[in-house]
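Structural characterization, general
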Amino acid sequence: MAVRKFDGFDVYDGTASIVEHRGWVRANGSSGSAMTYNQTGRFGTGKSLALSGGIGGTQSITEAFTAGANQSVGFAFSAPPLGYLAAPNSDLLIFRNSGTQICKLGVTAAMALVVGRGDFTTNLLGTTANGLIFPGAFNYIEIELTRSATVGVFKVYLDGALLSALNFTAANTGASDINEITLASQTGFSGGTSRFDDY
């Protein structure tokens with residue numbers, strides 16, 4: 001599998017940089033949502049991308065590419081303080097087909113990771129124990145996805161370790177190939193900011 005994209009979010013000077021030069025498309029959330037670039041990076045140097053959904057909203061960026069059934073993606077994520085994420089689940093990374101959600105990874109208000117096919121309720125695939133993600137600290141998350149309605153694969157690694165609760169090898173991960181990936185922040189209260197780095 002060839003490398004399609006990598007982004008450290010270090011050289012941005014505004015929204016136009018994302019849209020025009022890096023292949024991301026921004027979607028605004030509710031009132032108070034924001035996107036900033038001057039947050040400290042994963043290793044204490046450089047920059048990271050900070051997304052805030054405002055009050056009960058979502059702030060996101062999406063990249064589009066040629067559709068395919070197999071996708072591998074990794075990114076560093078730093079969660080906002082406890083109480084700021086939307087309850088019960090907040091979207092984190094969404095695999096889409098032309099805007100339609102196929103599969104996604106989320107984080108709960110209790111800092112567990114959760115995987116769903118389009119949603120986290122009727123199509124919930126699995127969830128980890130609470131407290132897996134520590135607010136304010138960067139964790140590196142990697143996902144391997146094979147899209148299939150019968151023999152789909154969805155594997156989530158946290159800081160290099162495969163999470164047994166999010167290791168699916170014969171799942172319904174959707175019937176449509178993936179041609180978009182979205183990074184998102186959903187917050188229940190203004191001031192909650194999710195940071196992303198090393199995509």
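In case you missed it, the structure is sitting above this.
Computed from a predicted model, the values in this text were never measured in an experiment.

Some points on the overall build of the chain
Looking only at helices and strands, the chain has 1 helix and 14 strands in total. Burial analysis of the chain (199 residues in total) assigns 50% to the buried set. Across the chain, the fraction of contacts at a sequence separation of at least 24, relative to all contacts at a separation of at least 6, is 62%.

With respect to the pattern of salt bridges
Evaluation of the coordinates by the stated rule reveals 3 salt bridges. A salt bridge links Asp 91 to Lys 104, with the shortest nitrogen-to-oxygen separation between them at 2.9 Å. Highlighted residues: Asp 91 in strand E6 (residues 89-97) and Lys 104 in strand E7 (residues 100-108), separated in sequence by 13 residues. In terms of burial, Asp 91 and Lys 104 fall into one category: buried. Put simply, Arg 147 and Asp 177 hold a salt bridge, and the shortest N to O gap is 2.5 Å. Placement of the pair is Arg 147 in the loop between strand E10 (138-146) and strand E11 (152-158) and Asp 177 in the loop between strand E12 (161-171) and strand E13 (178-187), with a sequence separation of 30 residues. For Arg 147, a relative accessible area of 19% translates into the label buried.

Concerning the side chain of Asp 7
Checked against the element boundaries, Asp 7 lands in the segment before helix H1 (15-21). Of note is the side chain of Asp 7, whose polar atom sits 2.8 Å from the backbone nitrogen of Phe 9.

Some remarks on the pairing of strand E14 (residues 194-197)
Because side chains alternate across E14, one face comprises the buried residues Ser 194 and Phe 196, and the other comprises Arg 195 and Asp 197, equally buried. Where strand E3 (residues 47-52) meets E14, 3 bridges bridge the pair, whose relative direction is antiparallel. Bridge pairing in E14 places Leu 51 opposite Ser 194. Sheet topology places strand E5 (residues 70-78) next to E14; 3 bridges connect them, and they run antiparallel. Note that in E14 the partner of Phe 77 across the bridge is Phe 196.

Thresholds applied
- Throughout this description, residue numbers start from 1 for each chain and increase along the sequence as written.
- Given that the model is predicted, a residue must reach a pLDDT of at least 70 before its local features are reported, and side-chain atom pairs must reach 80 or more before they are shown or counted; all residues, however, enter totals for whole chains, interfaces and linings.
- Hydrogens and water are ignored here; the side-chain numbers use all heavy atoms of the structure.
- Labels follow the DSSP assignment, with helices taken as runs of H or I lasting at least four residues and strands as runs of E lasting at least two, numbered in each case from the N terminus.
- Type-normalised accessible area, obtained with a 1.4 Å probe on protein chains alone, sets the label of each residue: buried when under 20%, exposed when over 50%, and partly exposed for intermediate values.
- By definition, residues are in contact when any of their heavy atoms lie within 4.5 Å.
- Only one rule defines a salt bridge in this text: a Lys or Arg side-chain nitrogen within 4 Å of an Asp or Glu carboxyl oxygen.
- Nitrogen and oxygen atoms within 3.5 Å of one another constitute a polar contact, given that in protein one can donate a hydrogen and the other can accept it, and given that sequence-neighbouring residues count only through two side-chain atoms.
- For two strands to count as paired, DSSP must find a minimum of two bridges between them.

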